[in-house]
Amino acid sequence: MTKKKSKYKEIWYVNVHIKAKKGYEFNDLIDFEGEESSIVYKAAWANLLIRAISLHEVLELIPQGLAEKNFEVIFIDKIENMSTLIEFDEIEDFVIKEVDWLIQSPYKFMISDKIFPY
């Protein structure tokens, strides 16, 4: 494994179905970038980036990171290792830039790009 790919070995790409924690309205948790939405959303799909040594740690960090943003897990669809995604050219460049930022930061969790509410 090359040095570049190995630096991504402890980053995980997670697709997760989320909802607002009890007591919160989903729309209040979404940044509509200055515009109001006439649609009342109840949940969303999100892509997360998690920095963790093991899959077990990933599973611990997912609900913790979402709870900090007042979301909770409905369903975890998939968890993939970033090194593998990069090796097989299955990830977009903007996500790799987010991963590079996460590696340089003190954080272990981030929502990648945006959420996809419904």
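Quick note: structure is the one above.
Residues numbered from 1 in each chain as written. Predicted model: local features only at pLDDT ≥ 70, side-chain atom pairs only at ≥ 80, totals over all residues. Heavy atoms only, no water.

1. Overview of the overall build of the protein chain
At step 1: Within the protein chain, the secondary structure is distributed over 4 helices and 4 strands.
At step 2: Starting at the N terminus and ending at the C terminus, the protein chain contains elements arranged as α-β-β-α-β-α-α-β.
At step 3: Its C-alpha radius of gyration of 15 Å places the protein chain within 12% of the 13 Å reference for a compact globule of 118 residues.
At step 4: Relative to its full complement of 118 residues, the protein chain shows a buried share of 41%.
At step 5: Long-range pairs, those at least 24 residues apart, make up 78% of the contacts in the protein chain between residues at least 6 apart in sequence.
At step 6: Accessible area of the protein chain: about 7,600 Å², with a carbon and sulfur share of 50%.
At step 7: Within the protein chain, one finds 15 positive and 21 negative side-chain charges whose respective centroids are separated by 5 Å. (Helix = DSSP H or I, 4+ residues; strand = E, 2+ residues; numbered from the N terminus. Rg over C-alpha atoms; globule rule 2.2 N^0.38 Å. Buried < 20%, exposed > 50% of the residue type's maximum accessible area, 1.4 Å probe, protein only. Contact = heavy atoms within 4.5 Å. Areas by Shrake-Rupley, 256 points an atom, 1.4 Å probe, with all protein chains shown as cover. Lys, Arg positive; Asp, Glu negative; His and termini not counted. Charge placed at Lys NZ, Arg CZ, Asp CG, Glu CD.)

2. Side note on a nonpolar patch on the surface
At step 1: Together, Trp-45, Ile-74, Phe-75, Phe-116 and Tyr-118 make up a nonpolar patch on the protein surface, roughly 460 Å² of accessible area in all.
At step 2: Tracing the backbone shows Ile-74 in strand β3 (residues 71-81). (Patch = residues over 30% accessible without salt bridge, like charges linked within 9 Å, V, L, I, M, F, W, Y side chains within 5 Å. Salt bridge = Lys/Arg side-chain N within 4 Å of Asp/Glu carboxyl O.)

3. What about the sheet that holds strand β4 (residues 109-117)?
At step 1: With antiparallel pairing, 4 strands are arranged side by side in an open sheet as β3-β1-β2-β4. In this open sheet, the two edge strands, each paired with only one partner strand, are β3 and β4. Strand-to-strand, the axes of this sheet are offset by a mean angle of 25°, without reference to chain direction.
At step 2: Bridge count between strand β1 (residues 11-20) and strand β2 (residues 44-51): 8 bridges; the pairing is antiparallel. Counted as the bridge partner of Asn-15 is Asn-47 from β2. (Pairing = 2+ DSSP bridges. Axes fitted to C-alpha atoms, helices over the stretch in contact; angles between N-to-C directions.)

4. Here we look at the pattern of salt bridges
At step 1: In the structure shown here, the tally under the stated rule is 4 salt bridges.
At step 2: Two residues, Asp-100 and Lys-7, come together in a salt bridge whose shortest N-O distance is 3.4 Å. One end of the pair, Asp-100, is in helix α4 (residues 93-104); the other, Lys-7, is in the loop between α1 (3-6) and β1, and 93 residues separate them in sequence.
At step 3: For Asp-100, a relative accessible area of 25% gives the class partly exposed.
At step 4: Classification of Lys-7 as partly exposed rests on a relative accessible area of 41%.

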